Amino acid sequence: MNQQFFMLSEEGIKVLTEQISENILKVINPTNATYEDVFMTIEETSKMVNLCKATIYGLTHQNDIPFHKKGKRLYFLKSEILTWIKSGKRESKSDVEKRANEYLSKNRLF
């Protein structure tokens, strides 16, 4: 039997690995849902955002956190929670000063 061995470069191995990974993901996850499109329970959400369950319940009661409700159960979509966390970003003092300087340079007072 004639066996052929192929030597792949490091880059070739990397490309082959990525292709195999993509094919495995297509079999495991045929709907193409990303890891972030996962529904989480209140326990999982509280661990993710490092808040106690009572605080999460309070945030849902005030509609301050995105959630889904089916019957008496609450569910949280990971992508929505990540977006919610990102929306709380506060500008640093240097960011505010930079924006102020840009505004003043574009809008001269005189």
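Scroll up a little and you will see the structure.
Residues numbered from 1 in each chain as written. Predicted model: local features only at pLDDT ≥ 70, side-chain atom pairs only at ≥ 80, totals over all residues. Heavy atoms only, no water.

Trainee: Sorry if this is basic, but what is going on with the overall build of the chain here?
Mentor: Looking only at helices and strands, one finds five helices and three strands in the chain. Counting from the amino terminus, the chain carries its helices and strands in the arrangement α-β-α-α-β-β-α-α. Counting over 110 residues, the chain shows a buried share of 14%. When contacts within the chain are restricted to residue pairs at least 6 apart in sequence, those whose partners lie at least 24 apart make up 48%. Here the chain displays about 9,900 Å² of accessible surface, and carbon together with sulfur accounts for 56% of that area. (Helix = DSSP H or I, 4+ residues; strand = E, 2+ residues; numbered from the N terminus. Buried < 20%, exposed > 50% of the residue type's maximum accessible area, 1.4 Å probe, protein only. Contact = heavy atoms within 4.5 Å. Areas by Shrake-Rupley, 256 points an atom, 1.4 Å probe, with all protein chains shown as cover.)

Trainee: I'm lost on helix α4 (residues 78–86) in this one. Help?
Mentor: Helical geometry note: an α-helix holds 3.6 residues per turn, so side chains three or four residues apart project in the same direction. Those residues of α4 that fall on the buried side of the exposure criterion are K78, S79 and I81. Each buried residue of α4 sits inside an arc of 160 degrees when the element is viewed along its axis, so together they form one side. (Arc of directions from axis to C-beta.)

Trainee: What is the right way to look at the pairing of strand β3 (residues 73–77) in this model?
Mentor: Every regular strand shows the same layout, with side chains that alternate between the two sheet faces. Of the pairings in the sheet, the one linking strand β1 (residues 39–40) to β3 comprises two bridges and is antiparallel in character. For F39, the partnering residue across the bridge sits in β3 and is L77. Pairing of strand β2 (residues 68–70) with β3 involves three bridges; the strand directions are antiparallel. Directly across from K70, in β3, lies its bridge partner R73. (Pairing = 2+ DSSP bridges.)

Trainee: Where do I start with the nonpolar core in this structure?
Mentor: Nonpolar side chains in soluble globular proteins tend to be buried together. Of all hydrophobic cores here, the largest spans nine residues; its members are M40, I42, V49, I56, L59, I65, L74, F76 and I81. Of all elements in the fold, only α2 (42–49), α3 (53–61) and β3 reach the threshold of two or more residues within this core. Setting aside residues no more than four positions away along its own chain, I81 makes contact with M40, T45, M48, V49, I65, P66 and F76. (Core = buried A, V, L, I, M, F, W, Y, C linked by side-chain atoms within 4.5 Å.)

Just geometry here; none of it tells us what the structure is for.
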